[in-house]
Amino acid sequence: MSMLFDVVLLAAGESRRMGADKLFLPIGQDIVLSRAVSAFYNHPAVNNIVLVYREDTLDLIFSVIRALDKSRFRFVTGGAARTESVEKGLSACKAEGVLIHDAARPFLSRSLIDAVIHSVVKSGTGVPALPLSDSVRTVKNGVIDGALDRSMLYTVQTPQGFLTAKIKKAYALRDGNYTDDSDLYSQKIGPVHIVKGDERNIKITTSGTYFGLNSNIGIGYDIHCLVPGRKLILCGIELQSDRGSLAHSDGDAGIHALIDALLSAINERDIGTMFPDTDPRYDGIDSTILLSKVMELYRAYHRGINNVSIILKLDEPKIRDDIPVMKIKLANLLGIDASCISISGKTTENTSPDTIEAYACVIVN
Ligand code: MG
């Protein structure tokens, strides 16, 4: 069987630099802590997650994991310093490997976890590291004193992966405070192998690192002809109309534009590539099913939607009274609050009375 990993998830920091507890700040529809929890929870090589928490945040911690299988979590209160917290967390680990992660890094990707795990399986350690992009100087009394050779300097991130027995041994030998686990390990046990870090895997330490985090914009567009004898379906609801969209599917231009916006935001190909109209499976298909498939992709990639804006452009029928129902329908399909969805109607001013057009924009993070 392939190696299993327990995760020590460090969520006991005091966030002195931010005023509020950074782990419970919102990121789109999520909060910071839930991003790291779900990244590990959904990884097939992860066994248990040891949450190292601060006593006064226990209620918030439980709200984060309320929908998850509690038997996969262990709860350990943090220590006075990071090393102490890790040591307490490690004592609850039983799997062969361990990943130690700062919960204040919510944007760790599946591929980064894979790379760390691969390195541990291959060489016993795996730590993400990035070469410095800025020049570095030594400074004395406010004056530049000298330059350092940047080629040897790396910043290290988490998750840091080890064989559980070996990192426990390193902690048993510790005689002071260390900046992180790789520092302790390399001083007490042996070489620590690096894997390529991820620039998006930032640590939220100040409000400056929090705002506008990890956002992507997506844009989508769709157009269909309106013809007699078809239903008119827009944003998942059927409208009163004697004409409807000419299309292979149900011709829901609103959802098609939204799907393209969602796919473009995560750099995936468009709706026509994902659901080709030459494929008989999509003949007359309810577009809400296609949207659900895109949301499965979002869950797999750990991406969340911040907000959605849609413009529906058609002359007849008037859609103003249907918009609130459309918003609720889309909110349910996207798993977000209806207040995060805007839909507005426009007419073509009789320039193209036989078409329905839709534009959609999304911000995802
Ligand atoms: Mg279409």
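Each remark here, short or long, concerns the structure printed above.
Before going into details, it helps to say that this report is about the structure given with it. Throughout this description, residue numbers start from 1 for each chain and increase along the sequence as written. Predicted model: local features are reported for residues with pLDDT of at least 70 only, side-chain atom pairs are reported and counted for 80 or more only, and whole-chain, interface and lining totals are derived from all residues. Water and hydrogen atoms play no part in the side-chain values, which are based on all heavy atoms of the structure.

## A closer look at unusual backbone geometry
As a reminder, the rule being used: Counting from the N terminus, the helices are DSSP H or I runs at least four residues long and the strands are E runs at least two residues long.
With an omega of 10°, the peptide bond running from Thr 158 to Pro 159 counts as cis. Looking at the secondary structure, you find Pro 159 in the loop between strand 10 (154–156) and strand 11 (160–163). Each neighbour pair has its own omega, and for Glu 316 with Pro 317 the value is -10°, a cis peptide bond. Tracing the sequence through the fold places Pro 317 in the loop between strand 17 (305–313) and helix 11 (323–334). We note that Cys 235 has phi near 50°; this positive angle belongs to a residue other than glycine. If you trace the backbone, Cys 235 turns up in the loop between strand 14 (232–234) and strand 15 (237–239). In this structure, Asn 350 takes a positive phi of about 65° despite not being glycine. Take Asn 350: it is sitting in the loop between strand 18 (341–346) and strand 19 (355–364).

## A look at the coordination of the magnesium ion
Defined as follows: Water is not among the atoms examined, so metal sites may look incomplete; donors are the N, O and S atoms within 2.8 Å of the metal, or within 3.2 Å for Na, K and Ca. Three labels apply to residues, based on accessible area from a 1.4 Å probe with only protein chains included: buried if under 20% of the type maximum, exposed if over 50%, partly exposed otherwise in between.
Only Asp 222 (OD), His 224 (NE2) and His 256 (ND1) from the protein reach the magnesium ion as donors, at distances of 2.1 to 2.2 Å. Going along the chain, you hit the donors of the magnesium ion in the pattern D-x1-H-x31-H. Highlighted residues: His 224 in strand 13 (residues 216–228) and His 256 in helix 8 (residues 253–265), separated in sequence by 32 residues. Classification of His 224 as buried rests on a relative accessible area of 12%. Owing to a relative accessible area of 7%, His 256 belongs among the buried residues under this scheme.

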